[in-house]
Amino acid sequence: MTDNDTEKHRQTETDERTVISAPGAFNRQYQDRLFKAIFGREEHKDWLLSLYNALNGSSYTDPSAIEINTIEGIIYVTMKNDISFLIDSQLNLYEQQSSYNPNMPLRGLMYFSQLYQKYISRQRKDIYSCALLKIPTPQFIVIYTGSTELDDVKELKLSDSFEVPDTSGRFEWTATVVNISKGHSRKLLEQCPPLRDYAVYVSRIKGNVAAGMTKEDAVNEAMEYSIEHNLLNGYFLEQKMEVLNMSLTEFDQEEYDRNRFNDGKEAGIAIGIAEGERKNALQNARNLKYKNIPVDIIAECTGLSVEQVNAL
């Protein structure tokens, strides 16, 4: 190897280390998550079909029967982790989530309304026609990889969000959450090797982080393990840099989401405490005013203004 070749090799290694330590540099405005890269791309329809068969107990063998129709313009987060597709007159939405979200049925309803609009427009059907329009049957699956303990399968219903309880079932929408975190859904993972390999990779990263590794070391170790064990039939070796950058960017996003949730929770608690203190001060002022205590003294004792006390 010449001196120039050696220098180029060193530069390449430096560039790769830069990529790994600064994943944000490769983060497009909206970047696919690893789940979508594995199951939502045209070249991976066989993996998506395997997932569909495992979830539905079916035995389809022709990947070309799948028509992927994910709406790229519908953005809820900075990274896309949803896959929508048609097969055998069924409209499917698969979404991966690393955090538990009780609003999944509402989000699914909003997404499916866009999918049905797209479908009706493409079929050139008239929604105002006197004839009944036939549309694909919907199915909404959430693949869960988080740390919150959930059953292997959990159904979330839109009616849980209704301000006025309604158990009639007249207006319902369901999100089926499938937990593939470590120790869960073993039978499903056995039936779908691509999902099993994905789950192993994700679980290994989480385990490494829990053991005290940095996020970079955690992802790199999981990557080397996946390559060594030929997970996803060599996909991790073939797409190593893309997977590394997606994984690190996902890690940063999940950390940001957790911090945002905790900050919001703490802010909510603080607001609740302040609101409770205000209501308590108002009630005390009313009691003192009822006993004809001078307004200025009430204001001084309760911390309210004279105007607030007079308004009671």
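Now for a quick tour of the structure. In this text the structure is predicted, and so the values were computed from the model without any measurement.

**A look at helix α3 (residues 45–56)**
Next, step 1: The terminal C-alpha atoms of α3, which comprises twelve residues, lie 16 Å apart, in line with the 16 Å expected from a rise of 1.5 Å per residue.
Next, step 2: For α3, a buried count of nine out of twelve residues is recorded, marking the element as mostly surrounded by other parts of the structure.
Next, step 3: Taken residue by residue, α3 has Lys45, Trp47, Leu48, Leu49, Ser50, Leu51, Tyr52, Asn53 and Ala54 as its buried positions.
Next, step 4: Downstream of α3 by one or two residues, Gly57 has phi in the positive range, about 65°.

**Focus on the layout of surface pockets**
To find leftover empty space, a probe the size of one water molecule is rolled over the atoms.
Next, step 1: Estimated volume of the second largest pocket: approximately 460 Å³.
Next, step 2: Among the elements of the structure, α5 (186–191) and α6 (193–210) are those that each provide at least two residues to the lining of the second largest pocket.
Next, step 3: Class assignment of the residues belonging to the lining of the second largest pocket gives a composition of six nonpolar, nine polar and six charged.

**A short note on the packing of aromatic side chains**
Next, step 1: Scanning the entire structure with this criterion turns up twelve aromatic pairs.
Next, step 2: With centroids separated by 6.4 Å and ring planes inclined at 70°, the aromatic side chains of Phe112 and Phe140 adopt a geometry described as edge-to-face. One end of the pair, Phe112, is in helix α4 (residues 104–122); the other, Phe140, is in strand β6 (residues 137–144), with 28 residues separating them in the sequence. Side by side, Phe112 and Phe140 carry an identical accessibility label, which is buried.
Next, step 3: Here the aromatic residues Trp47, Tyr201, Tyr235 and Phe236 are joined through ring pairs into a cluster of three or more.
Next, step 4: Sitting over the ring of Tyr225, Arg204 keeps its end group 3.8 Å from the ring centre.

**A closer look at the environment of Phe35**
Next, step 1: As for its placement among the helices and strands, Phe35 is situated in helix α2 (residues 34–39).
Next, step 2: For Phe35, a relative accessible area of 0% gives the class buried.
Next, step 3: Between the C-alpha atom of Phe35 and that of Ile143, which follows or precedes it by 108 residues, the distance is 9.2 Å.
Next, step 4: Apart from residues lying up to four places away in sequence, Phe35 is in contact with Gly40, Leu51, Asn81, Ile83, Tyr94, Glu95, Gln96, Ile143 and Tyr198.

**With respect to helix α10 (residues 295–302)**
An α-helical turn contains 3.6 residues, so any two residues separated by three or four positions project in the same direction.
Next, step 1: Restricting attention to buried positions, one finds in α10 the residues Ile298, Ala299 and Thr302. Buried residues in α10, looked at end-on, bunch into an arc of 100°, giving them a common side. Opposite the buried face of α10, at more than 90 degrees from it, the exposed residues are Asp296, Glu300 and Cys301.

**Focus: the packing of α6 against helix α7 (residues 215–228)**
Next, step 1: Direction vectors running N to C along α6 and α7 enclose 140°, while the axes themselves pass 8 Å from each other. Two packed elements cross with a definite hand, and for α6 against α7 that hand is right-handed. For the pair α6 and α7, contact is made by Val200, Tyr201, Arg204, Ile205, Asn208 and Val209 and by Ala218, Val219, Glu221, Ala222, Met223, Tyr225 and Ser226, respectively.
Next, step 2: Per-class residue counts for the contact of α6 with α7 are nine nonpolar, two polar and two charged.

What counts and what doesn't
Residues numbered from 1 in each chain as written. Predicted model: local features only at pLDDT ≥ 70, side-chain atom pairs only at ≥ 80, totals over all residues. Heavy atoms only, no water. Helix = DSSP H or I, 4+ residues; strand = E, 2+ residues; numbered from the N terminus. Expected span 1.5 Å × (residues − 1). Buried < 20%, exposed > 50% of the residue type's maximum accessible area, 1.4 Å probe, protein only. 1 Å grid on protein atoms, 1.4 Å probe; cavity = no way out; pocket = protein on both sides within 12 Å on 5 of 7 lines; lining within 4 Å. Points joined across faces, edges and corners; volume = space filled by probe spheres on them. Nonpolar A, V, L, I, M, F, W, Y, C, P; charged D, E, K, R; others polar. Phe/Tyr/Trp six-rings, centres within 6.5 Å; stacked < 30°, edge-to-face > 60°. Lys NZ or Arg CZ within 6 Å of the ring centre and 35° of its normal. Contact = heavy atoms within 4.5 Å. Arc of directions from axis to C-beta. Axes fitted to C-alpha atoms, helices over the stretch in contact; angles between N-to-C directions. Left-handed = near helix turned anticlockwise from the far one by under 90°.

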